[in-house]
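Spelled out, the chains give:
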Amino acid sequence: MNQLRRAITTSLSLGLISIPHWAQAAGDHGAEGVFSTMKPPVPNANAETIEIVEFFWYGCPHCFKVDPMVNVWEKKLSADVSFRREHIVWDSRKETSIHAQIFATLRAMDSLSKYHMAVFEAIHKDRINFREDGAIINWAIKNGIDSKAFESMYKSFGMQTQVNRMRTLTSTYKIDGVPKFIVNGQFSTEPHQAGGEVQVFEVLNQLIAQQRIASKRN
């Protein structure tokens, strides 16, 4: 563990991860630096790949801002890296479970890639309040989604099960802020910890590279 941290620290100092001085000063790196160690680690869903999970919330303005960057970064990932998003559920914030249900519904309908950003924009640009089912269904209609199919899926037992699953994942991974990225169930990082929204992807890339080396040793 110390060897990995030294390797990334060395990369930072040599400019292999180019975090400028002002960004390092502004970032809240925490006790462990630009990434943290998961205690305890969480097993991967897919043990054959280096797994990256982004935990986010549709109501989070930082998640909205960073999402286009995530899309660009995801397209550059190698075949040995798997990436997925998970929506957090905090019982202290009722809207997180509603937003998670929208996310789960779109994912179940294979429509997430098409409407994911549209949900963000509805909340942060159009100021739509998704606390009522009517507002959610009206949004679906406005965006050309089959409203009957959407409503049936949204209100199904399966979607409640998915929300409960995301609630469990939020607790298991100890997610207390978003966006947060988990690498192989062993490390976590987030923009403010890495030094900025650009730098977080540089830290992720370095962690992926280190995990690739570690897997070849085993």
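Draft legend 1. View of the sheet that holds strand S1 (residues 36–37). On the basis of which strands lie adjacent, the open sheet formed by five strands has the order S1-S5-S4-S2-S3 and mixed pairing. If you trace the sheet from one side to the other, it starts and ends with S1 and strand S3 (81–87), each paired once. Inspection of the sheet shows strand S4 (residues 180–183) paired to strand S5 (residues 187–189) by three bridges, in the antiparallel sense. Bridging across to S5, Phe-181 finds its partner in Thr-189. This element, helix H3 (residues 61–75), spans strand S2 (50–56), S3 and S4 of the sheet and lies at about 160° to S3.

Draft legend 2. Expanded view of the packing of helix H6 (residues 133–142) against helix H7 (residues 147–154). Viewed as axis vectors pointing N to C, H6 and H7 meet at an angle of 140°, and their least axial separation amounts to 9 Å. The angle between H6 and H7 falls in the class oblique. Relative to H7, the crossing made by H6 is right-handed. Between H6 and H7, the residues in contact are Asp-133, Ile-136, Ile-137, Trp-139, Ala-140 and Ile-141 and Ser-147, Phe-150, Glu-151 and Tyr-154, respectively. Across the contact of H6 with H7, the residue classes break down as seven nonpolar, one polar and two charged.

Draft legend 3. Representation of the pattern of salt bridges within the structure. Under the defined criterion, the tally for this structure stands at 14 salt bridges. In this structure, the salt-bridge partner of Glu-86 is Arg-165, at a minimum N-O distance of 2.8 Å. You can see Glu-86 sitting in strand S3 and its partner Arg-165 sitting in helix H8 (residues 157–172), a full 79 residues away along the chain. Here Glu-95 and Arg-131 are joined by a salt bridge, their closest N and O atoms 3.7 Å apart.

What counts, and at which threshold
Residues numbered from 1 in each chain as written. Predicted model: local features only at pLDDT ≥ 70, side-chain atom pairs only at ≥ 80, totals over all residues. Heavy atoms only, no water. Pairing = 2+ DSSP bridges. Helix = DSSP H or I, 4+ residues; strand = E, 2+ residues; numbered from the N terminus. Contact = heavy atoms within 4.5 Å. Axes fitted to C-alpha atoms, helices over the stretch in contact; angles between N-to-C directions. Parallel < 35°, antiparallel > 145°, perpendicular 65-115°, else oblique. Left-handed = near helix turned anticlockwise from the far one by under 90°. Nonpolar A, V, L, I, M, F, W, Y, C, P; charged D, E, K, R; others polar. Salt bridge = Lys/Arg side-chain N within 4 Å of Asp/Glu carboxyl O.

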